[in-house]
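Each chain, letter by letter, is given below.
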Amino acid sequence: MTARIIDGKLIAAELRARVADEVARVQREHDLTPGLAVVLVGNDPASEVYVRSKHKQTQAAGMASFEHVLPADVTQEKLIGLIGRLNRDPAVHGILVQLPLPKGLDTEAVIAAIDPAKDVDGLHPNNAGRLAGGLPALSPCTPLGCIILTKSIHESLEGMDALVIGRSNLVGRPLVQLLLNENATVTIAHSRSRDLPDLCRRADLVYAAVGKPEMVRGDWIKPGATVIDVGITRLPSDDGKTRLVGDVAFTEALAIAGAITPVPGGVGQMTVACLLVNTLRAACAIRGLPPPAV
Ligand code: NAP
């Protein structure tokens, strides 16, 4: 058996096209142009690449994109001051502070300064708490993407056994809440979990969000399971360049799983597309409009 490969690139492109249609509709019907502000502090090359891609895709969806680049030695007060101005700016409906922040800045305080209604990364404690309480919330983009990819295979996740490996605020924890909202039965594993292979073998749905290349082996997978690989590690390749590797031993898993996301071309593609969804949703909510049809 060979697993079906879940085409994150295609699914993300379809989602971006649906967002663009909805953006055009709210512009036409309500004179509303959703706006996303991205704040980049310092010049970390990986962060610069992500910010450029967010900027391009935001504009391509017909939204307004505002970029704010601050030096790595910016003070906490200046950064929080900028967030305050973006909170008050009526053209801005989503605020994203690119993480990680340079040393010396208090990430928690910076996230807490974002207006929860504009917190399109879903990291503000209000949104995390609302999500955990089963209330409507802006949810983190990568877990949202994981759910969309899973639902491209399974119409309903009700009653399925899901294993989430990793418990970060960015991925693992919110993913657990989203899976509960889908009525899956969820187990969350982490570095102190015992017998991870055995936990994995019981799961119909496996989400690996660890950051350890090829940690999940093929013989950990239940035959026919759906495997969503969130992990991204850049490793040197034979040709002297680098390659991206996921948390799942892809070739091994391909022979056993029912469906699997590749790295690259899987979850990574969905994160920015879901950021656009969150920005559109935030803009509609702030304007008092019904939620968009995405
Ligand atoms: P993180 O904050 O470092 O969290 C990693 C989690 O993995 C922690 O909960 C840790 O457990 C757990 N872990 C570490 N070693 C383990 C082991 N041997 N067995 C089981 N669990 C173990 O990372 P993150 O931000 O969630 O990101 C995880 C991966 O996803 C990274 O590769 C990252 O690059 C990738 N990522 C991809 C996207 C995307 O768009 N595709 C977005 C975000 C992240 P403890 O809590 O016990 O330490």
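What counts, and at which threshold
- Residues numbered from 1 in each chain as written.
- Predicted model: local features only at pLDDT ≥ 70, side-chain atom pairs only at ≥ 80, totals over all residues.
- Heavy atoms only, no water.
- Pairing = 2+ DSSP bridges.
- Helix = DSSP H or I, 4+ residues; strand = E, 2+ residues; numbered from the N terminus.
- Axes fitted to C-alpha atoms, helices over the stretch in contact; angles between N-to-C directions.
- Parallel < 35°, antiparallel > 145°, perpendicular 65-115°, else oblique.
- Left-handed = near helix turned anticlockwise from the far one by under 90°.
- Contact = heavy atoms within 4.5 Å.
- Nonpolar A, V, L, I, M, F, W, Y, C, P; charged D, E, K, R; others polar.
- Near = heavy atom within 4 Å.
- Polar contact = N/O pair within 3.5 Å; in protein donor to acceptor, adjacent residues only side chain to side chain.
- Areas by Shrake-Rupley, 256 points an atom, 1.4 Å probe, with all protein chains shown as cover.
- Salt bridge = Lys/Arg side-chain N within 4 Å of Asp/Glu carboxyl O.
- Buried < 20%, exposed > 50% of the residue type's maximum accessible area, 1.4 Å probe, protein only.

What follows concerns the pairing of strand β10 (residues 242-245). Bridge count for strand β9 (residues 233-236) against β10 is four bridges, and the pairing is antiparallel. In the strand pairing of β10, Arg234 is matched with Leu244.

When two helices pack together, you describe them by how their axes are tilted relative to each other and by the distance separating the axes. Relative to each other, helix α6 (residues 141-151) and helix α7 (residues 172-181) sit at 40°, their axes nearing to 8 Å. With respect to their mutual orientation, α6 and α7 come out oblique. Where α6 crosses over α7, the two elements pack in a sense that is right-handed. From α6, Pro143, Leu144, Cys146 and Ile147 reach across to α7, where they touch Pro174, Leu175, Leu178 and Leu179. For the contact of α6 with α7, the class distribution of residues is eight nonpolar, no polar and no charged.

The subject of this paragraph is the site of the ligand. In the region of the ligand, 21 residues are neighbours, and Arg167, Ser168, Ser191, Ile232 and Thr271 sit closest. In the model, an oxygen atom of the ligand is placed 3.5 Å from a nitrogen or oxygen of the Val230 main chain. Note that an oxygen atom of the ligand is positioned 3.0 Å from one of the backbone N or O atoms of Ile232. Compared with its free state, where it exposes 930 Å², the ligand has 70% of that area covered by protein. Broken down by element, the residue count for the shell around the ligand peaks at three residues, all from helix α10 (residues 267-287). The residue makeup of the shell around the ligand, split by class, is 10 nonpolar, nine polar and two charged.

Once that is clear, we can look at the pattern of salt bridges. Applying the stated criterion across every chain yields a total of six salt bridges. Linking Glu22 and Arg25 is a salt bridge whose minimum nitrogen-to-oxygen distance equals 3.0 Å. Within this pair, Glu22 and its partner Arg25 are both found in helix α1 (residues 8-30), separated by three residues, close to a single helical turn. The exposure class assigned to Glu22 is buried, which follows from its relative accessible area of 10%. A salt bridge links Asp204 to Lys222, with the nearest nitrogen and oxygen atoms 2.7 Å apart. Of this pair, Asp204 sits in the loop between α8 (196-201) and β7 (205-208) while Lys222 is found in the loop between β7 and β8 (226-229), placing the two residues 18 residues apart along the sequence.

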